[in-house]
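For reference, the chains in residue letters:
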Amino acid sequence: MIAIGCDHGGYDLKLAVESYLKEQGVEYVDFGCDGEKVDYPDIAVKVCEKVVNGECDKGILVCGTGIGMSMCANKINGIRAAVCGDTFSAKYTRLHNNANVLCMGGRVIGAGLACEIVHEFLNNEFEGGRHIARLDKMKNLEGK
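The present account deals with the structure reproduced in this document. Quantities reported herein were computed from a predicted structural model and do not represent experimental measurements.

**Side note on the sheet that holds strand β4 (residues 81-83)**
By way of backbone hydrogen bonds, the strands of a sheet pair with one another, either parallel or antiparallel.
Here comes step 1: Taking strand neighbours across the sheet as the criterion, the five strands line up as β2-β1-β3-β5-β4 in an open arrangement whose pairing is parallel. Every interior strand has two partners, whereas the edge strands, β2 (28-30) and β4, have only one. Neighbour to neighbour, the strand axes of the sheet diverge by 20° on average, direction disregarded.
Here comes step 2: Pairing analysis gives three bridges linking β4 to strand β5 (residues 101-105), with the strands arranged parallel. Paired with Val 83 across the bridge in β5 is Cys 103.

Structure, rendered in structure tokens:
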């Protein structure tokens, strides 16, 4: 299950991603918004809480640039959010960083590219190995 959410700057892109997820048979829960003006931190918290508590496997957050959402998401212990504007980054943030939240910018990328990015993010798994020690170091930074 994927948790997905956006602010008003990411609304149209979120709709495109949801359509893609439906086509692919991927279950998701939408945490807003419905096009109204909202503060992105409020949406980021809703999505990330579902990922951290295990109700959802991964999260997708969309705002104007993806940056605000990622900054908020990464304040939450247990979240490893990455802003991705290309498929290579989406693939390797899963393979090497075990990212659990994908952030994208609705004013930065188009729907076609966004769906390709989502595909890479959802269809690649963490490699483990040499990357585990780095993730442990990252986890130790939480709360500092």
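**Notes on the pattern of salt bridges**
Here comes step 1: Scanning the entire structure with this criterion turns up four salt bridges.
Here comes step 2: Its salt-bridge partner being Lys 14, residue Asp 30 comes within 2.8 Å of it at the nearest N-O pair. A residue pair is termed long-range when its members are at least 10 positions apart, and Asp 30 in strand β2 and Lys 14 in helix α1 (residues 11-24) qualify at 16 residues.
Here comes step 3: Relative accessible area serves as the criterion here: at 33%, Asp 30 is assigned to the partly exposed category.
Here comes step 4: What makes Lys 14 buried here is its relative accessible area of 1%.
Here comes step 5: With a closest N to O distance of 3.9 Å, Glu 142 and Lys 139 form a salt bridge.
Here comes step 6: Accessibility expressed as a relative area gives 27% for Glu 142, which makes it partly exposed.
Here comes step 7: Residue classification places Lys 139 among the exposed positions, given a relative accessible area of 53%.

**Remarks on helix α4 (residues 87-95)**
Here comes step 1: All of the buried residues in α4 are Ala 90, Thr 93, Arg 94 and Leu 95.
Here comes step 2: Check the buried side of α4 and you find it contacts β3 (58-63), β4, α5 (111-122) and α6 (131-141).
Here comes step 3: Capping of α4 at its N-terminal end is provided by Asp 86; its side-chain oxygen lies 3.2 Å from the backbone amide nitrogen of Phe 88.

**Remarks on the state of the cysteines**
Here comes step 1: Inspection of the entire model under this criterion finds zero disulfides.
Here comes step 2: Cys 84 takes part in no disulfide bond, and the closest cysteine sulfur, belonging to Cys 103, lies 8.3 Å away.
Here comes step 3: For Cys 84, a relative accessible area of 2% gives the class buried.
Here comes step 4: Of the cysteine sulfurs around Cys 103, a residue in no disulfide, the closest is that of Cys 48, at 7.2 Å.

**So, the environment of Cys 6**
Here comes step 1: Within the secondary structure layout, Cys 6 lies in strand β1 (residues 2-6).
Here comes step 2: Owing to a relative accessible area of 0%, Cys 6 belongs among the buried residues under this scheme.
Here comes step 3: When the C-alpha atoms of Cys 6 and Val 47 are compared, they prove to be 9.5 Å apart, with 41 residues separating the residues in sequence.
Here comes step 4: The contact partners of Cys 6, leaving out residues within four places of it in the chain, are Tyr 11, Lys 14, Gly 32, Cys 33, Val 38, Ile 43, Val 62 and Met 69.

Cut-offs applied
Residues numbered from 1 in each chain as written. Predicted model: local features only at pLDDT ≥ 70, side-chain atom pairs only at ≥ 80, totals over all residues. Heavy atoms only, no water. Pairing = 2+ DSSP bridges. Helix = DSSP H or I, 4+ residues; strand = E, 2+ residues; numbered from the N terminus. Axes fitted to C-alpha atoms, helices over the stretch in contact; angles between N-to-C directions. Salt bridge = Lys/Arg side-chain N within 4 Å of Asp/Glu carboxyl O. Buried < 20%, exposed > 50% of the residue type's maximum accessible area, 1.4 Å probe, protein only. Contact = heavy atoms within 4.5 Å. Polar contact = N/O pair within 3.5 Å; in protein donor to acceptor, adjacent residues only side chain to side chain. Disulfide = S-S within 2.5 Å.

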